[in-house]
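Observations on the model geometry
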Amino acid sequence: MLVNIIDVGLGNITSIEHWVDSCQLSSKRVVNTSQLTNDPIIIPGVASAGEYMDRLTSLKLDKEIIKRCQSGQKIIGICLGFQIMMNSSEEDSGVRCLGLLDGTTKYIKDKNTHNGWEDFKIDTREVKHNVFFPKKSTKKIDGRVYFNHELMVELDEDVSTHILSNGITSYAFKHNIFGMQFHPEKSQKTGQDLLKLII
């Protein structure tokens, strides 16, 4: 397996590579559609929605990601990568996004930021909505994950998700789509366990 990491010249690419490597997996940076394989695709975070979508569109990676998602290829979105999975984002005066999930990315109330560690728990035996987890021995993760963001996702469809006590959507999983508002690549063992669980 060779994990595809989308590289449009923005985002925390090196951190994502280290995260994948720490899980004993191989990765490749993808800068154009011809480089994509049929292995999982990671859309990294850390950028603004407008500039990121502009670069995706100019490289035709937006349409390719949508097409591959619709055909069942596994797509993993992290922070901004999760936010642009929605139909649109309020950032940069309004941005049309990928529409992989039905929802909107909005500024956290009063434009506050959400930074720090939060509890994370998941048991794949209790997950609904036919999420495509591979059949492995690990079924349950109980740890902490790291958040650093000023926008939040509001979903308009029923998916497997977890909402924090402050109203922030921690993650949303649906079939072959895995969106995470937190940074698993900065979440130490919990982040490693999660990538192994998904892939």
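Please refer to the structure higher up on the page.
For clarity, every value in this text was computed on a predicted model and none was experimentally measured. (Residues numbered from 1 in each chain as written. Predicted model: local features only at pLDDT ≥ 70, side-chain atom pairs only at ≥ 80, totals over all residues. Heavy atoms only, no water.)

Comments concerning the sheet that holds strand S13 (residues 177-180)
- Across the sheet, 7 strands lie side by side as S2-S1-S3-S4-S13-S12-S11; this open sheet has mixed pairing. At either margin of the open sheet sits one strand with a lone partner, and together these are strand S2 (26-30) and strand S11 (160-163). Sheet twist, expressed as the mean angle between neighbouring strand axes with direction ignored, is 15°.
- Relative to S13, strand S12 (residues 169-174) runs antiparallel, the two sharing 4 bridges. In the sheet register, phenylalanine 173 faces S13, and the bridge partner there is phenylalanine 178. (Pairing = 2+ DSSP bridges. Helix = DSSP H or I, 4+ residues; strand = E, 2+ residues; numbered from the N terminus. Axes fitted to C-alpha atoms, helices over the stretch in contact; angles between N-to-C directions.)

Re unusual backbone geometry
- Here glutamine 24, not a glycine, exhibits a phi torsion of approximately 60°, which is positive.
- Inspection of the secondary structure puts glutamine 24 in the loop between helix H1 (13-22) and S2.
- Residue class for glutamine 24 comes out exposed when judged on its relative accessible area of 64%.
- With a phi close to 60°, lysine 60 is a non-glycine residue in the positive phi region.
- For lysine 60, the position within the fold is in the loop between helix H2 (49-58) and helix H3 (61-70).
- Look at lysine 60 and you get exposed, because its relative accessible area is 58%. (Buried < 20%, exposed > 50% of the residue type's maximum accessible area, 1.4 Å probe, protein only.)

Quick word on the packing of H1 against helix H5 (residues 188-198)
- Where H1 meets H5, the axes come as close as 9 Å, and the angle between the chain directions of the two elements is 70°. By the angle between their directions, the pair H1 and H5 is classed as roughly perpendicular. Along the contact surface, H1 presents Trp19, Val20 and Ser22, while H5 presents Gly191, Gln192 and Leu195.
- The class makeup of the residues in the contact of H1 with H5 is 3 nonpolar, 3 polar and no charged. (Parallel < 35°, antiparallel > 145°, perpendicular 65-115°, else oblique. Contact = heavy atoms within 4.5 Å. Nonpolar A, V, L, I, M, F, W, Y, C, P; charged D, E, K, R; others polar.)

Quick word on the nonpolar core
- In terms of nonpolar packing, the biggest core is built from 32 residues, with Ile76 and Met180 touching the most fellow members.
- Counting only elements with at least two residues in this core, the list comes to strand S1 (2-6), H1, strand S4 (75-78), strand S8 (114-123), strand S9 (140-149), S12, S13 and H5.
- Ile6, Ile41, Tyr52 and Met86 belong to the second-largest nonpolar core, a separate cluster that totals 29 residues. (Core = buried A, V, L, I, M, F, W, Y, C linked by side-chain atoms within 4.5 Å.)

Re the packing of aromatic side chains
- Under the definition given, this model contains 8 aromatic pairs.
- Between phenylalanine 120 and phenylalanine 182 the ring centres are 5.4 Å apart and the planes differ by 65°, which places this aromatic pair in the edge-to-face class. Of this pair, phenylalanine 120 sits in strand S8 while phenylalanine 182 sits in the loop between S13 and H5; the two residues are 62 residues apart in sequence, bridging distant segments of the chain. Note on accessibility: phenylalanine 120 and phenylalanine 182 belong to one class, buried.
- One aromatic cluster in this structure is built from Phe120, Phe133, Phe147, Tyr171, Phe173, Phe178 and Phe182. (Phe/Tyr/Trp six-rings, centres within 6.5 Å; stacked < 30°, edge-to-face > 60°.)

Topic: the pattern of salt bridges
- On inspection of all chains with the given rule, the structure shows 9 salt bridges.
- We note a salt bridge from aspartate 7 to arginine 29, for which the minimum N-O separation is 3.5 Å. Highlighted residues: aspartate 7 in the loop between S1 and H1 and arginine 29 in strand S2, separated in sequence by 22 residues.
- The shortest N-O distance in the salt bridge between arginine 29 and glutamate 17 comes to 2.7 Å. (Salt bridge = Lys/Arg side-chain N within 4 Å of Asp/Glu carboxyl O.)

Considering the layout of surface pockets
- Counted as a void, the largest pocket has a volume near 160 Å³.
- What lines the largest pocket is simply Val46, Ala47, Cys79, Leu80, Gln83, Glu91, Asn148, His149, Glu150, Leu151, His183 and Lys186.
- Secondary structure elements with two or more residues in the lining of the largest pocket: helix H4 (80-83) and S9.
- When grouped by side-chain class, the residues that make up the lining of the largest pocket number 5 nonpolar, 4 polar and 3 charged. (1 Å grid on protein atoms, 1.4 Å probe; cavity = no way out; pocket = protein on both sides within 12 Å on 5 of 7 lines; lining within 4 Å. Points joined across faces, edges and corners; volume = space filled by probe spheres on them.)

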